[in-house]
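For reference, the chains in residue letters:
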Amino acid sequence: WHHDLTGEEIFGPEECTGERSERSSFESEDITISPNPANEVIEIRKQSSVFSSSTSIMLYNHLDQSMTTYLTSAGESNVITLPLNNLSSGLYFLVLNESGHHPFISKVAVAKY
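Residues numbered from 1 in each chain as written. Predicted model: local features only at pLDDT ≥ 70, side-chain atom pairs only at ≥ 80, totals over all residues. Heavy atoms only, no water.

(A) Quick look at the sheet that holds strand β9 (residues 104-110). Within the open sheet, the four strands sit side by side as β6-β5-β8-β9. Their pairing is antiparallel. Each edge of the sheet is formed by a strand with only one pairing partner; in this case those strands are β6 (66-71) and β9. Here the strands of the sheet are splayed against their neighbours by 20° on average, with no regard to which way each runs. Of the strand pairs in this sheet, strand β8 (residues 90-97) and β9 are connected by seven bridges, and their pairing is antiparallel. Residue pairing in the sheet places Leu 94 in a bridge with Ser 106 of β9. (Pairing = 2+ DSSP bridges. Helix = DSSP H or I, 4+ residues; strand = E, 2+ residues; numbered from the N terminus. Axes fitted to C-alpha atoms, helices over the stretch in contact; angles between N-to-C directions.)

Okay, here's the thing in structure tokens:
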């Protein structure tokens, strides 16, 4: 099980499949990540509303090491652009936490050319 800084459970082994967790209150088509695989940046787009100012995004590598954390500063946009220039090629797990929702978890492939 993974925990956030407050000790609250974020996700467990069964949720690392890249499939939408049944606990998530996001609709499967509500959040999209593109491009995937990515090279320099990814865009995380929320279809139905804007991201809240308390949204955080974390990327973990296959060794469960946190590679980057992104915190939004204002809930004025439905798109978050996340730079990937400090990451090597590989598969990462993206965990998006937003106040009032269970985490959204997805696989993100980074392919450096």
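(B) View of the pairing of β9. Most of β9 is tucked away, with five of its seven residues classed as buried. Where β8 folds back onto β9 in an antiparallel hairpin, the turn is made up of six residues, including Gly 100, whose phi is positive at roughly 90°. (Buried < 20%, exposed > 50% of the residue type's maximum accessible area, 1.4 Å probe, protein only.)

(C) A look at the sheet that holds strand β4 (residues 41-46). With antiparallel pairing, three strands are arranged side by side in an open sheet as β3-β4-β7. Lying at the two open borders of the sheet, with one neighbouring strand each, are β3 (31-34) and β7 (79-83). Averaged over all pairs of adjacent strands, the angle between strand axes in this sheet comes to 15°, irrespective of strand direction. Here five bridges tie β4 to β7, and the two strands are oriented antiparallel to one another. For Val 41, the partnering residue across the bridge sits in β7 and is Pro 83.

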